[in-house]
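# Structure assessment
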Amino acid sequence: MVAAQLTHHPLVACVEQVSAVLSEVCDYEPLYLDTDAKKTVLLGIAEAERRLAGLKLKTMAAAGDVAEDSGARDVAAWTAAHTRAEVRPLRQQQKLARAIDDHWARVGAAMTDGTVSLEQALVIVRGLEALPDHLGLEVIADAEARLVDYARTCNPTELALLADRILFYVAPEIAEAEEAKRLEEEEQQAHDKTTLRTKRLGHGWTRTTIIHPDASADRLQTYCEAFTSPRKRDDALGGEEDRIPYPRRMGLAFGALLEHLDPARLPAHGGDATTLLVTIPLASLQTDLGVGHGLSGATDLSASQIRRLACTAKIIPAVLGARSEILDLGRTRRLFSPAQRRAMALRDKTCRAEGCTIPATWTEAHHLRPWSQGGNTDLDDGILACSHHHHLLHNPRYTYEVRPDGRIRFHRKR
């Protein structure tokens, strides 16, 4: 008799009726509904989903015995096993269910009546639990009521912004001081959790993973975007760089950013200015064949890569003779001077590659005739090239010619 009564509990009957009704209508084709009817169905389903989510959380909060009966770790694990769902979001819902059951009855009621969705409830509860512990019950209750009311007109993203600043609405006299304290705590936590890891993947690739504060990430993104989207004239033609996917452009920009760091401004490393030393035989450098060997475990580089980097003195190539004696160390006296750079900028205006309109301020100075082949550091031998075309100038898979108008035209080798 007791089992029969439990089977017909209103909640059980509700679930059975919902399932039965859905079975009856699932074969109907929405295609034949008129526009207003489709709107009604979509909005009705959304409200039903919100109310069912509220009922689900209420049941999860009271379902500890379900997990105990089956030996499951918790109700989330039991639900995942029986519904073929991922356990992580269910654990998030289980935590929310307990929080609503213990503290936030108004949020639970708003879910039950269809006002607040599951996503909105997660945002509201997260914001409420982030409030300072010393606030009075009236202030906290006011914050909960306001956020539930905001949920009527705000999506989860908008609601999250309001939840972060809810103190400015319910307790403006202490809001600024509490906000400052919260930001300091978040910044300290971000500083404490900052990590950078590199893993060599082989074939010349390395994966770098960094977790760092938002302010540091903003600076890095801003600096990299300076390389990915340099100013162009409104009538400029699109170049190859415009067809490169944005994530790859950001990766290339990060490499360009590192190349443009001034070693003289970095801390001393090993008792000397921070530099990368690479040894390479003179014959290899002249013919673009061979490998440069980094010191102190640095990565080996191709001859063409060394020649390109040497243009801006971001590395020091130690050029060796036949008996490994050092023939040349450094490029300081062979670099273009700031005055020469300004003169080239006035002359070239932009990157000298044909069709490229990246302005001179974003370019790098390059010797048309490399110093390893007797080139001179003078204006006639120097041109300005953007990072993309500077790579091509040193890429052995490409040749180039200087056009009568002074522009550089590239040709891929067949």
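Bear in mind that the values here come from a model prediction, so they are computed numbers and not experimental data.

### Describing the overall build of the protein chain
Summing up its helical and strand segments, the protein chain has 18 helices and eleven strands in all. In the protein chain, buried positions account for 32% of the 414 residues. Long-range pairs, those at least 24 residues apart, make up 51% of the contacts in the protein chain with a sequence separation of at least 6. Element-wise, carbon and sulfur atoms account for 55% of the exposed surface of the protein chain, whose accessible area totals about 27,100 Å².

### Considerations on the packing of aromatic side chains
For any pair of aromatic rings, geometry is given as the distance between the ring centres together with the angle between the planes. Applying the stated rule across the entire model yields two aromatic pairs. With a centroid separation of 6.2 Å and an interplanar angle of 65°, the aromatic rings of Tyr 150 and Tyr 169 are classed as edge-to-face. Taken together, the residues Tyr 150 in helix H9 (residues 137–150) and Tyr 169 in helix H11 (residues 167–170) connect sequence positions 19 residues apart. Using a relative accessible area of 18% as the deciding quantity, one classes Tyr 150 as buried. For Arg 165, the ring lying beneath its charged end belongs to Phe 168, and the centroid distance is 4.1 Å.

### Re the packing of helix H7 (residues 105–112) against H9
At a closest axis distance of 9 Å, the pairing of H7 and H9 adopts a crossing angle of 20°. The angle between the axes of H7 and H9 places the two elements in the roughly parallel class. Considering only the axes of H7 and H9, their crossing is right-handed. Taken together, the residues of H9 that come into contact with H7 (itself represented by Ala 105, Arg 106, Val 107 and Ala 110) are Ala 141, Glu 144, Ala 145 and Val 148. Grouping the constituent residues of the contact of H7 with H9 by class yields six nonpolar, no polar and two charged.

### Observations concerning the pattern of salt bridges
Enumeration according to the criterion identifies nine salt bridges in this entry. Sharing partners across several salt bridges, the network here consists of Glu 179, Arg 182 and Glu 186.

### Structural notes on the environment of Gly 108
Structurally, the position occupied by Gly 108 is in helix H7. Considered as a pair, Gly 108 and Lys 58 are 50 residues apart in the sequence and their alpha carbons are 7.7 Å apart.

### Points about unusual backbone geometry
At Arg 84, a residue that is not glycine, the phi angle is positive and equals roughly 55°. Structurally, the position occupied by Arg 84 is in the loop between helix H5 (75–83) and helix H6 (87–102). Phi is positive for Lys 349, which is not a glycine, with a value near 70°. For Lys 349, the location among the structural elements is in the loop between helix H17 (338–348) and strand S8 (364–367). Judged by its relative accessible area of 53%, Lys 349 is exposed.

### Here's the deal with the confidence of the model for the protein chain
Scored by pLDDT, the protein chain comes out at a mean of 79, with 75% of its residues at no less than 70. Scored below 50 in pLDDT, residues 293–297 makes ten contacts in the model with residues more than four places away or belonging to other chains. In the predicted structure, residues 324–333 sits below a pLDDT of 50 and forms 24 contacts with residues beyond four places in sequence or in another chain.

### Details of the nonpolar core
Ranked by size, the top nonpolar core spans 38 residues in total, and within it Ile 124 and Leu 147 carry the most contacts. Broken down by secondary-structure element, the contributors of at least two residues to this core are helix H3 (35–61), H6, H7, helix H8 (118–129), H9, helix H10 (156–164) and H11. Of all the elements, H8 adds the most residues to this core, at seven residues. Contacts of Ile 124, omitting those with residues within four sequence positions, involve Val 107, Val 116, Leu 147, Val 148, Ala 151 and Leu 159. Cys 351, Ala 353, Ala 385 and Tyr 398 belong to the second largest nonpolar core, which has twelve residues in total.

### Some thoughts on the pairing of S8
Neither face of S8 is left uncovered, since the one carrying Glu 364 and His 366 and the one carrying Ala 365 and His 367 both have all their residues buried. Pairing between S8 and strand S9 (residues 382–385): four bridges, direction antiparallel. Counterpart to His 366 in the pairing with S9 is Ile 383.

Cut-offs applied
Counting of residues starts from 1 at the beginning of each chain's written sequence and follows it residue by residue. This being a predicted model, a pLDDT of at least 70 is required before a residue's local features are given, and a value of 80 or more before pairs of side-chain atoms are given or counted; all residues contribute to the totals for chains, interfaces and linings. The side-chain figures draw on all heavy atoms in the structure; neither hydrogens nor water molecules are used. The helix count covers DSSP runs of H or I at least four residues long, the strand count covers runs of E at least two residues long, and both are numbered beginning at the N terminus. The buried label applies to any residue whose accessible area, calculated with a 1.4 Å probe on protein chains only, is under 20% of its type's maximum; exposed applies above 50%, and partly exposed to all values in between. In this description, contact between two residues means that some pair of their heavy atoms is separated by no more than 4.5 Å. Areas reported as accessible are Shrake-Rupley estimates using a 1.4 Å probe. Residue values count occlusion only from the protein chains shown. For Phe, Tyr and Trp, rings pair up if their centres lie within 6.5 Å, where Trp contributes its six-membered ring, and each pair is then called stacked (planes under 30 degrees apart), edge-to-face (over 60) or tilted (otherwise). Counted as over-ring charges are cases with an Arg CZ or a Lys NZ within 6 Å of the ring centre that also lie within 35 degrees of the ring normal. Fitted lines through C-alpha atoms give the axes, limited to the stretch in contact for helices. The angle between two N-to-C directions lies from 0 to 180 degrees. Reported orientations rely on four angle classes, namely roughly parallel under 35 degrees, roughly antiparallel over 145, roughly perpendicular from 65 to 115, and oblique for the rest. What makes a crossing left-handed is the near helix being turned counterclockwise from the far one by less than a right angle; a clockwise turn instead makes it right-handed. Polar here means any residue outside two lists: the nonpolar Ala, Val, Leu, Ile, Met, Phe, Trp, Tyr, Cys and Pro, and the charged Asp, Glu, Lys and Arg; Gly therefore counts as polar. The term salt bridge refers to a pairing of a side-chain nitrogen on Lys or Arg with a carboxyl oxygen on Asp or Glu at a separation within 4 Å. pLDDT is a per-residue confidence score from the predictor, ranging from 0 to 100. Here, the term nonpolar core denotes a set of buried Ala, Val, Leu, Ile, Met, Phe, Trp, Tyr and Cys residues that are joined through side-chain atoms within 4.5 Å. One bridge is not enough; two strands pair if DSSP finds at least two bridges between them.

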